[in-house]
Each structure stands twice: as structure tokens, then as C-alpha cells.
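# Reading the structure
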Amino acid sequence: MRIILLGPPGVGKGTQAQFLIKRLEAVQLSTGDLLRTAIRERTELGRSAKKYMDVGDLVPDSIVLGLVGEWLAEQGERCVIFDGFPRTIAQAEGLDRLLDQMGKKLDRVLELVVADKTVINRISARRSCPVCGAVYNLLSAPPKVENVCDNCGREGLELRKDDRPEVIANRLRVYHAQTEPLADYYRQRGLLTAIDGDQGVKAVEAEIKDVLDA
Ligand code: AP5
């Protein structure tokens, strides 16, 4: 099975991907995580990507498609949850080509729909562990001990560099201009289901489960 989670920054794609990974024994493709790893490891790719990510712009399609092509080729028959990819029509067409070459197809695109002001609140309260990558929310999902990662015990949870207010505003602009048109692209192919992302984590999870079970 291959499922795309489509939606604006901070809507909860990564959060829902974690549930789907467990339920479907799937692997997650988060292009954001792959790019952040490249930046941490100071690879050439990371150096190219950083200047775009720091200001909330999209990394060029050619870089992202190269990364995804390599990653997909290593996954074999496993179920894949696409989180934050594709983000442009060119990426969606590139994914179609990659899947065609592999004799595979997309099963469903879940569009998490939410108001901009909700995502601004969620992103502003998000904190991540710089060691293991666990994600928290100071309002809806705080760590058990303040500022300490439940998962690995690291003290000092961080605000992502691109989660500052001025960068969030640009990420939302970029989303509406370049990524939102993908909803029509997949609706025309009969693959799109809209999910109300403006509800609690468990309610979103339950709505997704109902769609996939139907
Ligand atoms: P990326 O890392 O993909 O960021 P994003 O798409 O902006 O999404 P986020 O990771 O910010 O949010 P999310 O939807 O996963 O929400 P989360 O579950 O964490 O991309 C970063 C950058 O990399 C881009 O700006 C771009 O530069 C580059 N990039 C990446 N992919 C690219 C591509 N394909 N092409 C070009 N460039 C690319 O949840 C957010 C917070 O809310 C958390 O604290 C969580 O606990 C909380 N939360 C989640 N759900 C709920 C809920 N239902 N109720 C209350 N709180 C909730």
C-alpha cells in the first residue's frame, strides 16, 4: 500500500504517519527528515538544501526527486507512507513516473485540512528532541518531565529553526501556492479523501482508520 499524507506545515502529518506505520507495518518517507539528516551530516545535498529550508522555501524538485528515487528503490515491497512529499505538481508527476517504473501505484491521498491559525498555534508549541527526533507539543502532547525527552532522556527539547513565526508565515504561503494544487491533481485521479485535521490527534487517527477500513 502507498499512501500520501497531504497538508500544510504543522497539520499533523508526521504524527499520523507514526500511527499508520504501526497499523500497516509501513515505512515513512519524510522528505523533511531526510533533508534535515543531510544538513546535520553536512553532506553536499544538505548544504544545498539548508538555504531553502531556513527561510521556508521548497528545495528544488530535481534535488528532492533524486533523493526520493534512491530511497524508494531500497524499500522493495514494503507499504510506504509519504509524509511531506510530493509538494509540487512536478514532484507528483515525478512520483508517478517512479512508481510506473517499479510497476506500483498509489492507493490513497489523505488531505489533512485545517485553518492556518490552528497550524500556527501547533507549530509554535512544537518541540523536538535533537537526539532521537521525538516530537512533542507544549499544549497537546507535552513530555512527562518538562524539557526532557520521554524517549531517550535527553534534556533540552528544541524549537525547529524553521518554526519561528516569520518562517512559518512563508511556509504557509508556499503551501497554498505550490502544494495545495495537488489536492485537485489527486481528486481528478479519484485518489483524494479530505480529513478534518482541526480536531484532536485521536479523532484524526480514528477518521483516517475509518477511511482506510472502508
Ligand atoms: P517538513 O519537515 O516536511 O515540514 P512540514 O511539511 O512543514 O510539516 P511539519 O513537519 O512542520 O508538520 P507535520 O504536518 O508533520 O506536523 P506534526 O505531526 O509535527 O519540511 C520542512 C522543510 O523541508 C520545508 O519547508 C522545505 O523547505 C523542505 N522540504 C521538505 N519536503 C520537501 C519537498 N518534498 N520538496 C521541497 N522541499 C521540501 O505536528 C505539529 C505539532 O502539532 C506537533 O507538536 C504535534 O504534537 C502537534 N499535533 C499534531 N496533530 C495534532 C492535533 N490533531 N491536535 C493538536 N496538536 C497536534
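Let me begin by describing the structure that accompanies this report. (Residues numbered from 1 in each chain as written. Predicted model: local features only at pLDDT ≥ 70, side-chain atom pairs only at ≥ 80, totals over all residues. Heavy atoms only, no water.)

### Focus: helix 6 (residues 116–124)
Where we set the bar: Exposed residues in this analysis have more than 50% of their type's maximum accessible area, buried residues have under 20%, and partly exposed residues fall in between, with area computed by a 1.4 Å probe over protein chains only. Segments assigned H or I by DSSP are reported as helices when at least four residues long, segments assigned E as strands when at least two residues long, and all are numbered from the N terminus. Working definition: the arc comes from the directions between the helix axis and the C-beta atoms, pointing outward to the latter.
By the burial criterion, the buried members of helix 6 are Thr-118, Val-119 and Ile-123. What you see down the axis of helix 6 is that its buried residues fit within an arc of 125 degrees, all on one side.

### Considering the side chain of Thr-179
Cut-off, in case you're wondering: Any pair of N or O atoms that falls within 3.5 Å is considered a polar contact. Within protein, one atom must be able to donate a hydrogen and the other to accept it, and sequence-neighbouring residues count only if both atoms are side-chain atoms. Two residues qualify as a contact provided that any one of their heavy atoms is within 4.5 Å of a heavy atom in the partner residue.
Positionally, Thr-179 belongs in helix 7 (residues 165–179). Polar side-chain contacts of Thr-179 include one of 2.7 Å to the backbone oxygen of Arg-87. Apart from the residues within four sequence positions on either side, Thr-179 is in contact with Leu-6, Pro-86, Arg-87 and Val-174.

### Here we look at the site of the ligand
Selection criterion: We call a residue near a molecule or strand as soon as one heavy atom of that residue lies within 4 Å of the molecule or strand. Working definition of accessibility: Shrake-Rupley area with a 1.4 Å probe, residue cover restricted to the visible protein chains.
If you check the shell around the ligand, you find 33 residues, and the closest are Thr-15, Asp-57, Arg-87, Arg-126 and Arg-171. Between the ligand and the protein, one listed contact pairs a nitrogen atom with a backbone N or O atom of Val-59 at 3.0 Å. Within the side chain of Arg-126, an N or O atom sits 2.6 Å from an oxygen atom of the ligand. Protein coverage of the free-state accessible area of the ligand, which is 1,000 Å², stands at 95%. For the shell around the ligand, the secondary structure elements donating two or more residues are helix 1 (13–24), helix 2 (31–40) and strand 6 (135–137).

### Some remarks on the packing of helix 2 against helix 4 (residues 61–73)
The relative placement of two packed helices comes down to the angle between their axes together with the axis-to-axis distance. Rule in force here: Interaxial angle, 0 to 180 degrees, is taken between N-to-C directions of lines fitted to C-alpha atoms, where a helix line uses only the stretch in contact. Geometric relationships in this document are graded by angle, where less than 35 degrees denotes roughly parallel, more than 145 denotes roughly antiparallel, 65 to 115 denotes roughly perpendicular, and other angles denote oblique. Basically, the charged four are Asp, Glu, Lys and Arg, the nonpolar ten are Ala, Val, Leu, Ile, Met, Phe, Trp, Tyr, Cys and Pro, and anything else, Gly included, counts as polar.
Direction vectors running N to C along helix 2 and helix 4 enclose 100 degrees, while the axes themselves pass 11 Å from each other. Viewed along their axes, helix 2 and helix 4 adopt a mutual orientation that is roughly perpendicular. Side by side, helix 2 and helix 4 meet where Thr-31, Leu-34 and Leu-35 of the first sit next to Val-64, Leu-67, Val-68 and Trp-71 of the second. Tallied by class, the residues present in the contact of helix 2 with helix 4 amount to six nonpolar, one polar and no charged.

### Topic: the nonpolar core
Across soluble globular proteins, nonpolar side chains show a tendency to be buried alongside one another. Heads up, the condition is: By convention a nonpolar core is built from buried Ala, Val, Leu, Ile, Met, Phe, Trp, Tyr and Cys residues, the set being connected through side-chain atoms within 4.5 Å.
Leu-72, Phe-82, Leu-95 and Tyr-186 are the most contacted members of the largest nonpolar core, which totals 30 residues. Here this core takes six residues from helix 4, the largest share from any one element. Ala-17, Cys-79, Ile-123 and Ile-168 belong to the second largest nonpolar core, which has 19 residues in total.

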